[in-house]
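Residue-level structure breakdown
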Amino acid sequence: MLAQLARTTSPGALARAALRRDLVGADAVLEVLGDDPDALANRALLAFGGVSADLRAGLELHARALAARGAGSGIEHLDLALQAAVVLGDDSRARELLAERGVDPWVAWAAEVDLTAGHDGWLERLNAPFVDAGLEPVRVAAGDGSAFDRLTSAVPDVVEDGPLVSVVVSVFRPGPSFEPAVQSLLAQTWRPLEVLLVDDANDPADAARILDLAATDDRVRILRQDVNGGTYRGRNRALREARGELFGFQDADDWMHPRRLERQVRELQAHEHLVAVSSRAVRLHEDLRITRVGAPPFTLNLPSLLVRREPVVRRLGGFDPVRKAADLEFVRRLETVFGPEAARTLEEPLTLYQLSHGSLSRADFRLSWHHPSRHAYHSGFSRWHRRTSARDLRLDPDGPRPFAAPAHLGGPDADQRVAVAVWADLRERGPGGRLAVELVSLARTVDRVGVLGGEPARRSSRRREEPADRVLDLVDRGVVAWLDPSRECSADVLVVRDPELLVLPPSRETWHVRAERVVLAAGRAPQSDDGLLFDPTDVERAAQVLTGASEVQWWAADTDVVAGLAAWGVEVTGPVGRWEVLGPVRSPQPVTGATVVGLLDDLARPTGAGTGAGTRPRAPHGVDARVLGRGRGGGWVPIDDRRVGRRAFSRTCDVVLVPQDWPRPDRDAAWLDVLEEGAVPVLSPEREVVQTLHDPAERDRRRRSLLAEAARDYDAAWARRLPEVLRR
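Conventions and cut-offs
Residues numbered from 1 in each chain as written. Predicted model: local features only at pLDDT ≥ 70, side-chain atom pairs only at ≥ 80, totals over all residues. Heavy atoms only, no water. Core = buried A, V, L, I, M, F, W, Y, C linked by side-chain atoms within 4.5 Å. Buried < 20%, exposed > 50% of the residue type's maximum accessible area, 1.4 Å probe, protein only. Contact = heavy atoms within 4.5 Å. Pairing = 2+ DSSP bridges. Helix = DSSP H or I, 4+ residues; strand = E, 2+ residues; numbered from the N terminus. Axes fitted to C-alpha atoms, helices over the stretch in contact; angles between N-to-C directions. Salt bridge = Lys/Arg side-chain N within 4 Å of Asp/Glu carboxyl O. Parallel < 35°, antiparallel > 145°, perpendicular 65-115°, else oblique. Nonpolar A, V, L, I, M, F, W, Y, C, P; charged D, E, K, R; others polar.

1. As for the nonpolar core
In this structure, Phe 48, Leu 82, Leu 502 and Leu 504 are the most contacted members of the largest nonpolar core, which totals 74 residues. Setting aside residues up to four positions removed in sequence, Phe 48 forms contacts with Ala 53, Leu 55, Gly 58, Leu 59, Leu 80, Ala 81, Ala 84, Val 293 and Leu 367. Core analysis: the next-biggest nonpolar cluster, separate from the first, contains 45 residues, Phe 148, Val 195, Trp 255 and Met 256 among them.

2. Description of the sheet that holds strand β26 (residues 680–683)
One open sheet holds the five strands; their spatial order is β24-β23-β22-β25-β26, and the pairing between them is parallel. The strands lining the two open edges of the sheet, one partner per strand, are β24 (637–639) and β26. Between one strand and the next, the sheet's axes are offset by a mean angle of 30 degrees, whatever the strand orientation. Pairing geometry for strand β23 (residues 624–628) and β24, over three bridges, is parallel. Directly across from Arg 626, in β24, lies its bridge partner Val 637.

3. Notes on the pattern of salt bridges
Within this structure, the stated rule accounts for 48 salt bridges. A salt bridge links Asp 199 to Arg 224, with the nearest nitrogen and oxygen atoms 2.8 Å apart. With a gap of 25 residues between them, Asp 199 in strand β4 (residues 193–200) and Arg 224 in strand β5 (residues 220–225) connect regions that are remote in the sequence. Judged by its relative accessible area of 37%, Arg 224 is partly exposed. Linked by salt bridges that have partners in common, Arg 20, Arg 21, Asp 425, Arg 427, Glu 455 and Glu 465 make up one network.

4. Regarding the sheet that holds strand β6 (residues 246–249)
With mixed pairing, eight strands are arranged side by side in an open sheet as β5-β4-β3-β6-β9-β8-β10-β7. Single-partner strands in this sheet number two, and they are β5 and β7 (255–256). Direction of pairing for strand β3 (residues 165–171) relative to β4: parallel, over a ladder of seven bridges. Across the sheet, Ser 166 pairs through a bridge with Glu 194, a residue of β4.

5. Focus: the packing of helix α16 (residues 372–387) against helix α18 (residues 469–476)
The description of two packed helices rests on the angle between their axes and on the distance between the axes. It is the contact of α16 with α18, at a shortest axis distance of 10 Å, that shows an interaxial angle of 105 degrees. Considering their axes alone, α16 and α18 lie roughly perpendicular with respect to each other. Facing Ser 379, Arg 383, Arg 386 and Arg 387 of α16, the residues of α18 in contact are Asp 469, Leu 472, Asp 473 and Asp 476. Looking at the contact of α16 with α18 residue by residue, the classes come out as one nonpolar, one polar and six charged.

Okay, structure coming up:
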C-alpha cells in the first residue's frame, strides 16, 4: 500500500498535506522511493516542519537530494535547508547552499546577516535593504535592554504640515518593547500625528506605565477599556474616536522606521484613487538575528495599514471583534468593497517585526501548517466576501457576525459535544458539495451534528483548498457545527466518509476527537485495478486508536464494495445506496449560439479506473464540442485537464458525455458532478440523446428529472440505514 501511494501521489503534494493535516506516515511513503531527489527533498520538508522538527535530519536528507539530482536540475526547499544550516550554526553548509541557484534573495540576505553577526560588516549588511530603498540606516544605541529595544535611526528632516494621522496601539500586559515601540511612533518624520493608546483593562502597574508614556508627548491620548476585549475591539473604539483624516495601526512590540508614515501618506496623496496603503516588514528576533526555519524574513506587514478613515468607516464599519486573525479579513474586505486597485503595498522594509515568544498568534503557525481554526475562519469570511454584494459588506462590530468564528479565535465558545460527527474531504473539488444534503438529513434526525475536514493522502494537494460553499453555508446557519480537532470534542457516532482518511491518520498529539462508535463508509473496495487503496485492518485499528471507540462498523456503497471488503474478512452493513448526494437544483444555463457538448475523456482515466485505453467517440455535428483531456482528435477542442477540473469544465457545458466503461464509483461521481454544475450528463454511447437536448427547456426538464431520481434513491437508502446506525 505504501508503494501504491508512492507511485500515485506527488511527493510535494503528499508532504504539504501531511504537514497541513498533521498526518502520520508520509515519510514512510516517500522512503519507498529511495534516492529519488524529489522524494528526498520532501522528506527533508517533513523533518523541517513536523511537530517535533528535526533540523539536522532535514539538512542531511536535503544534502542527499542535492547529491542525487541530475546535472543542472533544480531541487525544492533550498531556502529551508539554508535556514536550517544557519540556525544550527553550520556555517560551511550554509555557505555551500548560498552558492546554489534558486535561493530566495531575502532568505540569502538574512543568512548573510546572521552569518556575519558579531563580525565586521554585520551592520552594513543589516542596513542594505534600508539603504537600497533610500531610507536612513538603523543603528543600535548603547544602553540596557535587548538590541531590538535599542534600535534607532537618525533623520535630518521632518514634515510639519499635512493631514492628521491617527495611529492606534492596543496595549494589554505590555512587555519590555512597549515603550520603544511607541517611541518609534512618536519619532516619525510625519509630525501631524495623534497616538491613541488603548488601555485594554490593564492592572494598575501596567496602566501606570501607559500613563507615564503618554505624559511624554501631548500627541498621545489614552482610551481606557473597562473590560478586556482584545486588539480589534480596541481598534474599533479608536476608529470611532480618532480625529485624523488618515488612520493607521501599530503593534505594541514592533519598531517603525521614522519614514514609515511619511512614505505611506505621500503615496495616498499622490494617488487619489487609493484608499489604503500598507508596507513590508523585516521579521527578526530581539537579538536582531533574522533567520527562522520556515519564516520568510521579508513579509507583508498587515498592522502597517494606513487608510482614509471616513470612507473606510462608512463602507466597512469596523473590525470583526475576535481575539486574533481579523487583520486579514479587514484587508480582504477593503479590497472587495473598494476594488483591488484601491489598496497598495509599498515594497519597502518600513517596520521591524519582532518574533516574540509571547505572541498571541505564534503558536497558530508552523511550516505549511495553520491552526485548524485559522483555516475555518478564513474559509468563512472568504465565502461571505464572495457571496455578498460589495455595498453590503459592512460589519457592525456590535451586531451579529455574518459568518461563523471559531472559539479558538475569540468567537463564541462552541460546544464540541455532538451526536454525530462527519469526517470527510470537504473540499469543493472533492465530495464536499455533495455532502450538504446528507448533513441536512442528519441534522433533522439527531440533536447535533458536527463536521471535520480531512484530505485522503492519495488525493492530496500542494495548496490548501477551501471547503465547499454548501458546507460553509450550513456552518454559518448553525445547521451543523464546525469541530476543532485540536480541542477536546466527543461524538456518539463518528462517520468517516472515506476509509482512505485513515491510511495516513492524523497525529494523536493534535487529534482530540473521541467517539463511542465509528462508522466507516466505503464508497469503493479496498483493492482496485491500480493496487491496494486501503487496508481495512489498519483502518479499523487507526479508528479505534484515534477515537477510543468500542465499536467500529463498516458501511458499503454497493455490492461490489461489499464483496471487496468481505475478501478481507470484514463484516459489512450494506449496500446502502450511492454515497454521493445532491445539493439544490441550479437554474439552467443561458444558451447563446450552439449547444456546448463536453466529453470527459475516457482516454485519460481517473485514478482507480481500468488500465485499458478507450476509444474517443466522434463529436456530434452542429455543436460546440470540447473534451477535458490533452489529446486531440475526433473533432473535439481539447481543454487541458491539468489546468481545469471536472466541475469547472462541466460548468461551461450544456451537455456532458460521461464514459460508460469507467468503474461505477468514478462514473457515478462524475455524473453527479455534472448535474450539480448545471449540465445534463449522458452516457457516451447515447450520443443520439444529445440531439434532443439542443432545446434548453428539454435540457432543464431532463436534468430536473435526473436530480429527483437521484435524490429519491439517496433518501430511501438513508431512511433505511440511519436509525440502525444511530440506535443506542
